[in-house]
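Coordinates in review
The primary structure of each chain is shown beneath.
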Amino acid sequence: MIDGDVGQADIGPPTTTSSSTVSKHIFSPQDLRPETSYFIGDTSPSSVPDKLIQSIARLKDELSTRSQITILNTDGWVREDEAVGHKLQLLNSLRPDLVLGLSLDNELDPILELQQYPTLRLKASSYARTRTREERKKAREEGYRRLLQNPQHLDLRLNTIRLRTFNAAKQQRIDQDSAHKGTLAGLLDEEGILQSIGRIMRIGNGTVRITTTAQETPRIVELGAIILSSRFDEIGNES
């Protein structure tokens, strides 16, 4: 199973895409633990749509060698012209055997009518309820806390890691204490795979201090768009 919803993520933390192999009955994707995750850096797919598609394609390729069926859960960004173009680009990249269109109305018609893959249209359950903006925010904050239980402080020398922002692939010179305090960050290995998320405490004097549960020293630290309080509440967005 691939979780491609960076806002209301179930398998991994918000701002990430994740995959997990389902080997027993589950009641919710939240019952799964992420096996491989990629840091996207924002809860909105519109800020880095190409990066999002590339990460989902990588997860699909990795799963195809050991899974008979792969199910992708996408996000709810579907109404604007840009969203339609993004979903069509995602489908063309993945070339699915079947597209399941799940909606309460005809909001998916512009996507489903323009794409070329076998489609099954399903009506959402009458028991399903749309979350309010505040409920979606609280769900994301629970997601951060779920992956940051019992954190520790990690100090890294800037000359031993690559430091960059979520929407820029190249390393950047960032050595200011006040500019990124509270920023959600992805701690990545050499291949760009997420080891853990973290919260930037300070950047300065050639060092970055991060609140995280990471057990391994990252090779790359990627600064996201979300600003978190010390209690992991969302208090801002830099995108």
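Residues numbered from 1 in each chain as written. Predicted model: local features only at pLDDT ≥ 70, side-chain atom pairs only at ≥ 80, totals over all residues. Heavy atoms only, no water.

**Quick word on the overall build of the protein chain**
Inclusion rule: Every helix listed is a DSSP run of H or I at least four residues long, and every strand listed is a run of E at least two residues long, numbered separately from the N terminus. With C-alpha atoms as the basis for the radius of gyration, the globule rule is written as 2.2 Å multiplied by the number of residues raised to the power 0.38. Only protein chains enter the accessibility calculation, which uses a 1.4 Å probe. A residue is then buried if its area is under 20% of the maximum for its type, exposed if over 50%, and partly exposed in between. In this analysis, two residues are considered to be in contact whenever any of their non-hydrogen atoms come within 4.5 Å of each other. Using a 1.4 Å probe, accessible areas were evaluated by the Shrake-Rupley method; residue-level cover was limited to the displayed protein chains.
Helix and strand counts for the protein chain come out as four helices and 13 strands. Taken over the C-alpha trace, the protein chain has a radius of gyration of 18 Å; the compact-globule value for 239 residues is 18 Å, and the two agree within 12%. Counting across all 239 residues of the protein chain, residues that qualify as buried make up 46%. Long-range pairs, those at least 24 residues apart, make up 58% of the contacts in the protein chain with a sequence separation of at least 6. Accessible surface, the protein chain: about 13,500 Å² in total, of which carbon and sulfur atoms supply 46%.

**Description of the side chain of Arg140**
Within the secondary structure, Arg140 is located in helix α4 (residues 133–147). Once residues lying within four places of it in the same chain are set aside, the contact partners of Arg140 are Gly7, Gln8, Pro14, Thr43 and Glu234.

**Notes on the nonpolar core**
To be explicit about the condition: Take the buried Ala, Val, Leu, Ile, Met, Phe, Trp, Tyr and Cys residues and link them wherever side-chain atoms come within 4.5 Å; each set so joined is a nonpolar core.
Formed by 27 residues in total, the largest nonpolar core has its most connected members in Phe39, Ile56, Tyr144, Leu184, Ile197 and Leu228. Mapped by element, the contributors of at least two residues to this core are β3 (36–39), α1 (49–64), α2 (81–94), α4, β9 (183–188), β10 (194–204) and β12 (220–228). Per-element tally for this core: the top contributor is α1, with six residues. By size, the runner-up hydrophobic cluster in this structure holds 14 residues, among which are Leu154, Leu163, Ile203 and Val208.

**Quick word on the sheet that holds strand β2 (residues 16–19)**
Think of a sheet as strands paired side by side through backbone hydrogen bonds, with each pair either parallel or antiparallel. We apply this condition: Two strands pair under a simple rule: DSSP has to find at least two bridges between them.
Read across the open sheet, the four strands follow the order β3-β2-β1-β4; overall the sheet is mixed. Two strands lie at the open edges of the sheet, namely β3 and β4 (72–73), each paired on one side alone. Where β2 lies against β3, four bridges are found, and the strand directions are antiparallel. Looking at the pairing, Ser19 lines up with Thr36 of β3.

**Section: α4**
To keep it simple, the criterion reads: Given the number of residues in a helix, its expected span is that number minus one, multiplied by 1.5 Å. It is the directions from the helix axis to the C-beta atoms whose arc is reported.
Along its 15 residues, α4 runs 22 Å from first to last C-alpha, staying within 8% of the 21 Å computed at 1.5 Å per residue. Among all positions in α4, only Arg140, Glu141, Gly143, Tyr144 and Leu147 are buried. Projected onto a plane normal to the axis of α4, the buried residues spread over an arc of 150° and lie on a single side. Where α4 is buried, its residues contact β9, β10, β12 and β13 (234–237).

Remember, this is a structural readout, not a statement about activity or role.
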